Structure formats: C-alpha cells, structure tokens
Amino acid sequence: MEILRTVNLTKTYGKGITEVEALKETNISIQKGMFVAIVGASGSGKSTLLHLLGGLENPSSGEVIIEGQSLSQLSEHHLSIYRRRKFGFIFQQFNLIPVLTAEENIVLPILLDNKVVDKEYINELIQFLGLSDRRHHLPNALSGGQQQRVAIARALANKPSIIFADEPTGNLDSKVSLEVLDLLRQSIKKFNQTLIMITHDVEVSKFADRIITIQDGLALQVGEVQQ
Ligand SMILES: Nc1ncnc2c1ncn2[C@@H]1O[C@H](COP(=O)(O)OP(=O)(O)OP(=O)(O)O)[C@@H](O)[C@H]1O
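Cut-off values and rules
Residues numbered from 1 in each chain as written. Predicted model: local features only at pLDDT ≥ 70, side-chain atom pairs only at ≥ 80, totals over all residues. Heavy atoms only, no water. Pairing = 2+ DSSP bridges. Helix = DSSP H or I, 4+ residues; strand = E, 2+ residues; numbered from the N terminus. Axes fitted to C-alpha atoms, helices over the stretch in contact; angles between N-to-C directions. Contact = heavy atoms within 4.5 Å. Buried < 20%, exposed > 50% of the residue type's maximum accessible area, 1.4 Å probe, protein only.

Undergrad: When you look at the sheet that holds strand E11 (residues 218–221) in this model, what are you seeing that I'm missing?
TA: Hydrogen bonds along the backbone pair up the strands of a sheet, which may run parallel or antiparallel. The strand order E7-E8-E9-E4-E10-E11 describes an open sheet built from six strands, whose pairing is mixed. Of all the strands in the sheet, just strand E7 (87–91) and E11 have a single pairing partner and so form its edges. Across this sheet, the average inter-strand angle for adjacent strands is 15°, counted without regard to direction. Where helix H6 (residues 174–190) meets the sheet, its contacts fall on strand E4 (35–39), E7, strand E8 (162–166) and strand E9 (194–199), and the angle it forms with E9 comes to roughly 155°.

Structure (structure tokens):
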C-alpha cells in the first residue's frame, strides 16, 4: 500500500544568478512499511527532498501527498499538528534537552501535544531500544549510541506513521552505527512504520528495502523509471 507520493515536486532557492534548482520535477512513490534510503553526493538535494517530504519546507511547485492528504492544502497551523502527530524526525545531532532525563526527553513531544503518555508503549520502546537501565540518566551521562537511541525513542514515542532520518548515524562510530540501524530497521517492522533516511554511506544504504538516488536535484527510484 502506498503511503507517500510526490507529484512533479520541485524546489528552487534564490533568484537570478543565485538561483539553485535544488530539486527537479520528482515523482516518487513509497510503500507503507518500507525502509527507504535517499543517497547522493553532497549538495545533490537529499536534505531538500527529505525536508519537503516531511513538510519542513514548502515546495516551489508540485505536491507531497501522504495517505491521500496533500501537505500543501494544510494551513501552516494544521501542517505543524499533522507533522507532530504523523511524523518522527531523527537528525545527526541528537538534540536532547540536557536537563531532562532520557525518559523525560522521550515523552516530551507527547506532553507538548497535551496527550496522555501510553506508559506501556513507552516502557516497551525503552526496553526494545536497550535503555532500561539508562532511563533516569541525563544525556551527558550517556554514550553517543545511547543518546541516539533516546532520540530514536523520542521520534517513535507518538507512534508516527513515517520516520524521517537525516544521516542518523553520522556522529556514531561504525560498530554503533550498525547497531542503531539494525534497531531502526527492527522497530519499523515491529511498530509497522515507514522509514525514509538520508545517507551518503553505501554500507548504510544496504539496510534499506528501497533506494532513491539523487544527482544534481534529479531523484530516481532505483529499479523504477521516472516518467
Ligand atoms: N536555504 C538554501 N538557500 C539556498 N540554497 C540552498 C538552500 N538549501 C540548500 N541549497 C542548495 O540546494 C542544493 C541542494 O542542497 P541539499 O542540502 O539538499 O543537498 P544535500 O544532498 O543534502 O547535501 P549534503 O549531503 O552536503 O548535506 C545545494 O546546491 C545547496 O547549496
């Protein structure tokens, strides 16, 4: 089942001599439950594509359609609610709040959304991500891999349908990277989620079910011909 589709999606930054066509007409379709890697050289347009798919930036033209809902038809206010409820974001920087414990960081997005914390699910997440004995620690008492696992738990806490990850293992050594990727892959299967992840690392992209390559702003789904 398709969860996300783009229709002639483009993004241009700047005007005149500073104009950059960061994303050329892109038509991709992503199936529910897939782990999709976006790969390409530096400056090829990976972050631009991820930010458009996740509703963090507006396209210059074209549309992002998620489960039948066009993001551009939502007001700024509704888009931010939609993003908070439907999406999880993981970045290279863990962005944890230093004065909150691991567990408090994980449940923060739920509290900010005025929702009741599903304690059983949070416990399951904490256990699944191997954080049970670290839940009351502050971020600076955690290793890089543990901090990224907290950031992953935080991204999964609101049970998002799609997780967007921008080089989530970029700050981790290779052994820890593989562990984190394996956990991410397992968690999307366990919680029936879709993962869209940027990487420039070929080893990392091997974890994915599908690959979108991007070159000079032109995105192609591997194995599929763009119309
Ligand atoms: N806010 C912006 N204003 C102007 N140009 C931008 C902006 N953001 C990105 N660009 C340009 O758009 C192009 C694509 O950038 P993007 O960040 O999407 O690439 P990337 O593949 O994610 O790169 P990297 O791997 O280095 O992070 C680049 O030429 C970049 O300079």
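Next comes the rest of the description.
Undergrad: When you look at unusual backbone geometry in this model, what are you seeing that I'm missing?
TA: Most peptide bonds take the trans form, and the phi angle of most residues other than glycine is negative. The phi dihedral of asparagine 95 falls on the positive side, at around 55°, and the residue is not glycine. Checked against the element boundaries, asparagine 95 lands in the loop between E7 and helix H3 (102–112). Positive phi, close to 55°, is recorded for asparagine 192, a residue that is not glycine.

Undergrad: So what exactly am I meant to see when it comes to the pairing of E4 here?
TA: The side chains of a regular strand alternate, residue by residue, between the two faces of the sheet. In terms of burial, E4 is a largely internal element, five of the five residues being buried. As defined by bridge partners, E4 adjoins E9 across five bridges and the pair is classed as parallel. Its bridge partner lying in E9, alanine 37 is registered against methionine 197. Looking at chain direction, E4 and strand E10 (residues 210–215) are connected through four bridges and run parallel. Within E10, the position partnered with alanine 37 by the bridge is isoleucine 211.

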